[in-house]
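Chain by chain, the residues:
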Amino acid sequence: MRGRTTPSGTTPAVWANWAGNQRTSGEARRPSTVDEVVDTVRAARTAARRLKPVGSGHSFTDIARADDQWLDLAALTGRIHVDTERRLVTVPAGMALHTLNDLLAEHGLALANLGDIDVQTVAGAISTGTHGTGAGYGCLSTFVTGLTLVTGTGELLTCSEEVEPEIFAAARVGLGALGVIVEVTLRCVDAFVLRAEERPAPLAATLADLPALIAGNDHFEFYWFPYTDRVQVKINNRVPTDDRPLPRFRGWLDDEFLANSVFAGACRLGRAAPALVPTIHAVSARALTARTYTARSDRVFCTPRRVRFEEMEYALPRAALPEALAGLRRVVDNLPTRVLFPVEVRFTAPDDIWLSHGYGRESAYIAVHQYVGVPAEPYFRAFEQVATALGGRPHWGKLHYRDAESLAPAYPRFADFLAVRDRLDPDRVFANSYTERVLGR
Ligand SMILES: Cc1cc2nc3c(=O)[nH]c(=O)nc-3n(C[C@H](O)[C@H](O)[C@H](O)COP(=O)(O)OP(=O)(O)OC[C@H]3O[C@@H](n4cnc5c(N)ncnc54)[C@H](O)[C@@H]3O)c2cc1C
């Protein structure tokens, strides 16, 4: 985001998301206090203007793209409180996850689970249902024990399991449609070390062992290489000591050079010469070797992602995974374009958050990606048909083509969410084209 502040406090600016597939120009507001947030929301409502809170722009959908003004909360100051005894942390909503992870580590605490990256803001991550993997863990929003937001009428409202429980059930995955979250309290755990084990394996054997792999490990996931029968398995388990750190060079070789630089080269090659893609996948699946190491939990969960891509991710009832993968394989084999990225498969526990992808069921997530510059839509639309037929729910922050009519049956509390929205944002101050599509007017 770029811009220069005018005397009226707005900043003409250009906004683009991480993937570069969503951009807009308009006015940015950068409040540094909660009072300024309240004033900005009230002024927008009075002027019948729209205002979109944005995080770090890591959603692929237009969920954070403002039609009018946007509210960047990176500079929002506020209470930072760490209660080590009760393992609770309260932070301003615009804090980046990596800042939160470092803060927690200083106090001997950690988040129990994380996704693949740590650059999202706390509010941005929870608002789309950001998740990691692990049968015993729901999405990051399940760690929230309370939050404070500025509603569309400019009121400051705090909710938790005990206070305004209906709003709490809606606002933990609120799609940025219910208010501006200004403060979040999260439940933490004692800091822990993970032992990461990564190894290549056959797809069929992995699927056959799935129940044991999911139940027998804290965090299990795998990547399937399209056009092959091979996967790379990633297993993270809690261990008492950090006794097997990755040598600095090996860490750089694996995470920076192979995962980013060499991978970028392979993607460029595949984009220029699509016929080579199956061979590239076959070589990649064989070239990835096994490795085991230990490190601080967040450093194992999260890795830098420098190769740009577009992504769609579907949460499915766990039992539907084999059928969904078989359908995906048919999609991949019949596409006119080649699929350059491995497919990521993860698992989460059920939760009770109304618009969480994991609401009320054990989930298996399938994430499909396409390298920038290669058409993604035919691939994503074809897989969406497979996933929708199996009861899939699309990740709110990742590309999908569903609308309110098609999403309502997938979420038993959809109508209740809309009722909370009517109450908190009757004039649709926080609406944009995305909320109009997925929630309706
Ligand atoms: C490289 C990469 C890796 C990723 N890995 C994962 C992963 O492992 N697991 C996963 O589930 N997802 C993953 N994602 C998706 C990402 O976690 C989500 O899209 C997340 O919502 C992005 O957070 P953000 O801070 O960038 O928010 P944005 O994308 O900027 O905004 C997302 C939503 O949050 C709302 N919002 C932001 N701040 C506020 C606020 N203060 N109050 C109210 N609403 C607010 C916005 O209005 C919008 O609706 C990944 C994305 C990328 C690009």
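Residues numbered from 1 in each chain as written. Predicted model: local features only at pLDDT ≥ 70, side-chain atom pairs only at ≥ 80, totals over all residues. Heavy atoms only, no water.

J.: Explanation requested: the overall build of the protein chain in the structure shown.
T.: Within the protein chain, the regular secondary structure consists of 14 helices and 20 strands. Against the 2.2 N^0.38 benchmark of 22 Å for 441 residues, the protein chain shows a C-alpha radius of gyration of 21 Å, consistent with a compact globule. Expressed as lengths along the three principal axes of its C-alpha atoms, the size of the protein chain is roughly 60 × 50 × 45 Å. Burial analysis of the protein chain (441 residues in total) assigns 57% to the buried set. (Helix = DSSP H or I, 4+ residues; strand = E, 2+ residues; numbered from the N terminus. Rg over C-alpha atoms; globule rule 2.2 N^0.38 Å. Buried < 20%, exposed > 50% of the residue type's maximum accessible area, 1.4 Å probe, protein only.)

J.: What is the right way to look at the site of the ligand in this model?
T.: What surrounds the ligand is a group of 36 residues, the closest being Pro53, His58, Ser59, Asp116 and Thr128. Residue Ser59 places a side-chain N or O atom 2.6 Å away from an oxygen atom belonging to the ligand. Asp116 has a polar backbone atom sitting 2.8 Å from an oxygen atom of the ligand. Taken together, the elements giving at least two residues each to the shell around the ligand come down to strand S4 (51-54), helix H3 (122-127) and strand S11 (179-187). Tallying contributions element by element places H3 first for the shell around the ligand, with four residues. Grouping the constituent residues of the shell around the ligand by class yields 14 nonpolar, 17 polar and five charged. Counting residues domain by domain, the shell around the ligand receives three or more from each of domain 1 (81-190) and domain 2 (193-402). (Near = heavy atom within 4 Å. Polar contact = N/O pair within 3.5 Å; in protein donor to acceptor, adjacent residues only side chain to side chain. Nonpolar A, V, L, I, M, F, W, Y, C, P; charged D, E, K, R; others polar. Domains from an automatic or database assignment.)

J.: Quick question: what am I supposed to make of unusual backbone geometry here?
T.: Residues apart from glycine generally show negative phi values, whereas peptide bonds are mostly found in trans. You will see that Glu164, though not glycine, has its phi angle at about 50°, which is positive. With respect to the secondary-structure elements, Glu164 resides in the loop between strand S10 (156-160) and helix H4 (165-171). In this structure Glu164 comes out as partly exposed when scored by relative accessible area, which is 29%. With a phi angle near 55°, Leu175 is a residue other than glycine that sits in the positive phi range. The residue Leu175 is located in the loop between H4 and S11 in this model.

J.: What exactly am I supposed to notice about helix H2 (residues 97-106) here?
T.: Spacing of three or four residues puts side chains on the same side of an α-helix, whose turn is 3.6 residues. Within H2, the full set of buried residues consists of Leu97, Leu100, Asn101, Leu103 and Leu104. Buried residues of H2 fall within an arc of 165° about the axis and therefore sit on the same side. Gly108 lies just past H2 and shows a positive phi near 75°. (Arc of directions from axis to C-beta.)

J.: In this structure, what is going on with the sheet that holds strand S18 (residues 343-348)? I would like to understand it.
T.: Sheet strands pair via backbone hydrogen bonds, and the direction of the pair is either parallel or antiparallel. The eight strands are arranged S16-S13-S15-S14-S18-S19-S17-S20 in an open sheet whose pairing can be described as antiparallel. Each edge of the sheet is formed by a strand with only one pairing partner; in this case those strands are strand S16 (291-296) and strand S20 (393-394). Pairing geometry for strand S17 (residues 309-317) and S20, over two bridges, is antiparallel. Bridging across to S20, Ala315 finds its partner in Arg393. In this fold helix H10 (residues 321-334) packs onto strand S14 (219-224), S17, S18 and strand S19 (363-371), with an angle of close to 15° to the strand it touches most, S19. (Pairing = 2+ DSSP bridges. Contact = heavy atoms within 4.5 Å. Axes fitted to C-alpha atoms, helices over the stretch in contact; angles between N-to-C directions.)

J.: Just to check I follow, could you spell out the domain arrangement of the protein chain for this structure?
T.: In terms of domains, the protein chain is made up of domain 1 (81-190) and domain 2 (193-402). Measuring from the centre of the C-alpha atoms in domain 1 to the corresponding centre in domain 2 gives 25 Å. Across the contact, 31 residues belong to domain 1 and 33 residues belong to domain 2. Between domain 1 and domain 2, roughly 2,600 Å² of surface is buried when both sides are summed, and carbon and sulfur atoms account for 56% of that area. Contact with domain 2 buries surface across domain 1, with Asp116, His131 and Thr133 losing the most and accounting together for 26% of the total. (Buried area = accessible area lost by both parts, 1.4 Å probe.)

J.: Even after reading the chapter, I still don't get the side chain of Asn236, so can you show me in this structure?
T.: As for its position among the elements, Asn236 is in strand S15 (residues 230-239). With a relative accessible area of 8%, Asn236 lands in the buried category. Excluding residues that lie within four positions of it along the chain, Asn236 makes contacts with Leu194, Arg195, Ala196, Glu197, Asp218, His219, Val300 and Phe301.

J.: Got a minute to help me understand the pattern of salt bridges in this structure?
T.: A side chain with one charge may pair with a side chain of the opposite charge, provided their charged atoms come close. As enumerated under the stated definition, the model contains 29 salt bridges in all. Here Arg296 ties to Asp298 by a salt bridge, and the two come within 2.8 Å at their closest N and O atoms. Taking the relative accessible area as the measure of exposure, Arg296 reaches 24% and is therefore partly exposed. Note on Asp298: relative accessible area 9%, which makes it buried. Linked by salt bridges that have partners in common, Asp116, Arg305, Glu311, Glu313, Glu344, Arg346 and Lys398 make up one network. (Salt bridge = Lys/Arg side-chain N within 4 Å of Asp/Glu carboxyl O.)

J.: What's the story with the side chain of Thr206 in this structure? I'm lost.
T.: Secondary-structure assignment places Thr206 in helix H5 (residues 203-208). For Thr206, a relative accessible area of 4% gives the class buried.

J.: Looking at this model, I keep getting lost on the packing of H10 against helix H11 (residues 377-389). Mind explaining?
T.: When two helices pack together, their arrangement is given by the angle between the helix axes and the distance between those axes. Two numbers describe how H10 lies on H11: the axes approach to 9 Å, and their chain directions differ by 150°. Our classification of the angle between H10 and H11 gives roughly antiparallel. At the point where H10 passes H11, the crossing takes the right-handed sense. Every residue of H11 that contacts H10 at Ala324, Gly327, Leu328, Val331 and Val332 is listed here: Tyr379, Ala382, Phe383 and Val386. (Parallel < 35°, antiparallel > 145°, perpendicular 65-115°, else oblique. Left-handed = near helix turned anticlockwise from the far one by under 90°.)

J.: Sorry, what's going on with the sheet that holds strand S9 (residues 144-151) here?
T.: Strand order in the open sheet formed by five strands is S6-S7-S11-S9-S10, with antiparallel pairing between adjacent strands. The outermost strands of the open sheet, each flanked by one partner alone, are strand S6 (81-83) and S10. Taking the axes of each pair of neighbouring strands and ignoring which way they run, one obtains an average angle of 15° across the sheet. Sheet topology places S9 next to S11; seven bridges connect them, and they run antiparallel. Bridged to Thr151 within S11 is Gly179. Sitting on the sheet, H2 is in contact with S6, strand S7 (88-92) and S11, with an inclination near 140° to S7.

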